[in-house]
Amino acid sequence: MSDVTTPPPAPQWPDGIRAAAALTFDLDAESPVLTADRANGRRLGVMSHQAYGPLTGVPRLLRLLERHRLRATFFVPGFTAERYPGVCSRIAEAGHEIAHHSYLHEATAGMDAATEAAMIDRGLEALDSVLGIRPVGYRAPMWEINYHTAGLLIDRGFEYDSTLMDCDVPYVLAEHDGPGARSLVEIPIHWALDDWEQYAFVPDVTGSGLIESPAKVLEMWSLELRAYHAEGGCFVLTNHPFLSGRPSRAAALEQLIEVMESLEGLWLAPLGEISRHVRSLDLTPRAFPPPDLEDQR
Ligand SMILES: [Zn+2]
């Protein structure tokens, strides 16, 4: 066991591979704006903005992925699965990984363990009843994970989480720094590789007020991709179909995929496959204990 003061060991990639990359899509649809304020459900304009993801974005993105014979990971809130069962079934039937992304994109920051466990279970039940799928991967809504969350995920058989930001490569995360700690694979992400910061704008709901040019976004993500490739990292892109499913943004994403295809030894795979490889390496688990502050002891 090591802890957060020690960098985790870098994984050895499979033979012939020098870096990894994954395309992930968070199929939030209406869930984050309903969690922010239930009254948004009475705003048809806002609902239609979010519905663009499953209704128009996903079909375009599935065609794009099919053109490049790529499989991605789709993080699906349980509410999205229940509202758009046909769309979610088509994603699964196309061979993409379906992973867990809460029930209604709940605000999990500081949430107690019992409430969070109930939220995770409700999401699992929705994915099971609609799709017959038991996911192995989890991503916290708004990337707000708690110190107790890893244990809740391990209790439910999850193999990996993709929420933390402390590293450029996957590692094995221990549920705590005490004896007998269990572990799961952590596949880190970052805000710079999330389309929300580039494109999200819904008046009075979310967004910076800027809608960036896809050309600028492509430049930024290409720079990140080439740097991860040069350093043997794991590039994880997070896109939302209601944002990156729009035409010029999907076109920029396709150009990024073409850059990926041009990089030698880049392993482009769903997160579940990357997690399975990392798990097979028997890396020393690393705990992430909370900061020890005098006034909070
Ligand atoms: Zn989300």
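Heads up: these notes are all about the structure in this document. (Residues numbered from 1 in each chain as written. Predicted model: local features only at pLDDT ≥ 70, side-chain atom pairs only at ≥ 80, totals over all residues. Heavy atoms only, no water.)

### A word on the environment of Gly 86
Logical step 1: In this fold, Gly 86 is placed in helix 4 (residues 85-93).
Logical step 2: Residues Gly 86 and Glu 175 lie 89 residues apart in sequence; the distance between their C-alpha atoms is 36 Å. (Helix = DSSP H or I, 4+ residues; strand = E, 2+ residues; numbered from the N terminus.)

### A few points about the nonpolar core
Logical step 1: Among the nonpolar cores identified, the biggest contains 46 residues, and Leu 23, Phe 74, Phe 235, Leu 253, Leu 256 and Met 260 are the most heavily contacted of them.
Logical step 2: Counting residues per element, this core draws most heavily on helix 10 (residues 247-262), at seven residues.
Logical step 3: What Phe 235 contacts, discounting residues up to four positions off in sequence, is Ala 20, Ala 21, Ala 22, Leu 193, Trp 221, Glu 224, Leu 225, Tyr 228, Leu 256 and Met 260.
Logical step 4: Counting residues in each nonpolar core, the second largest holds 19 residues, with Tyr 160, Ile 189, Val 236 and Ala 269 among its members. (Core = buried A, V, L, I, M, F, W, Y, C linked by side-chain atoms within 4.5 Å. Buried < 20%, exposed > 50% of the residue type's maximum accessible area, 1.4 Å probe, protein only. Contact = heavy atoms within 4.5 Å.)

### As for the pairing of strand 10 (residues 234-239)
Logical step 1: Across the six residues that make up strand 10, a large majority, six, are buried.
Logical step 2: Every second residue of strand 10 is oriented toward a common face, with Cys 234, Val 236 and Thr 238 on one face and Phe 235, Leu 237 and Asn 239 on the other, all of them buried.
Logical step 3: Bridge count for strand 1 (residues 19-26) against strand 10 is six bridges, and the pairing is parallel. Across the sheet, residue Thr 24 finds its bridge partner in strand 10, namely Thr 238. (Pairing = 2+ DSSP bridges.)

### What about unusual backbone geometry?
Logical step 1: A positive phi angle, close to 50 degrees, is found at Ala 29, a residue other than glycine.
Logical step 2: Inspection of the secondary structure puts Ala 29 in the loop between strand 1 and helix 1 (31-36).
Logical step 3: A residue is classified by how much of its surface remains accessible, and Ala 29, at 2% relative accessible area, is buried.
Logical step 4: Positive phi is not limited to glycine here, since Trp 143 has a value of about 55 degrees.
Logical step 5: Topologically, Trp 143 is positioned in the loop between strand 4 (137-138) and helix 6 (149-155).
Logical step 6: Trp 143 sits in the buried class, given a relative accessible area of 9%.

### So, the packing of aromatic side chains
Logical step 1: By the definition in use, this model includes seven aromatic pairs.
Logical step 2: Pairing Trp 13 with Trp 267 gives two aromatic rings, centres 6.3 Å apart and planes at 70 degrees, and the pair type is edge-to-face. Of this pair, Trp 13 sits in the segment before strand 1 while Trp 267 sits in strand 11 (residues 266-268), and the two are 254 residues apart along the sequence. One exposure class covers both Trp 13 and Trp 267, and it is buried.
Logical step 3: Consider the rings of Trp 196 and Phe 242, whose centres lie 5.6 Å apart with planes at 85 degrees: the pair is edge-to-face. One end of the pair, Trp 196, is in helix 7 (residues 196-199); the other, Phe 242, is in helix 9 (residues 241-244), and 46 residues separate them in sequence.
Logical step 4: Residue Trp 196 is classed as buried on the basis of its relative accessible area, which comes to 13%.
Logical step 5: Over the ring of Tyr 171 we find Arg 286, and its NZ or CZ is 5.0 Å from the ring centre. (Phe/Tyr/Trp six-rings, centres within 6.5 Å; stacked < 30°, edge-to-face > 60°. Lys NZ or Arg CZ within 6 Å of the ring centre and 35° of its normal.)

### Points about the pattern of salt bridges
Logical step 1: Counted by the stated rule, this structure contains 10 salt bridges.
Logical step 2: Of the charged contacts in the structure, one is a salt bridge between Asp 155 and Arg 182, with a shortest N-O distance of 2.9 Å. Of this pair, Asp 155 sits in helix 6 while Arg 182 sits in the loop between strand 6 (171-174) and strand 7 (183-186); the two residues are 27 residues apart in sequence, bridging distant segments of the chain.
Logical step 3: You can call Asp 155 partly exposed: its relative accessible area is 48%.
Logical step 4: With relative accessibility at 32%, the residue Arg 182 sits in the partly exposed group. (Salt bridge = Lys/Arg side-chain N within 4 Å of Asp/Glu carboxyl O.)

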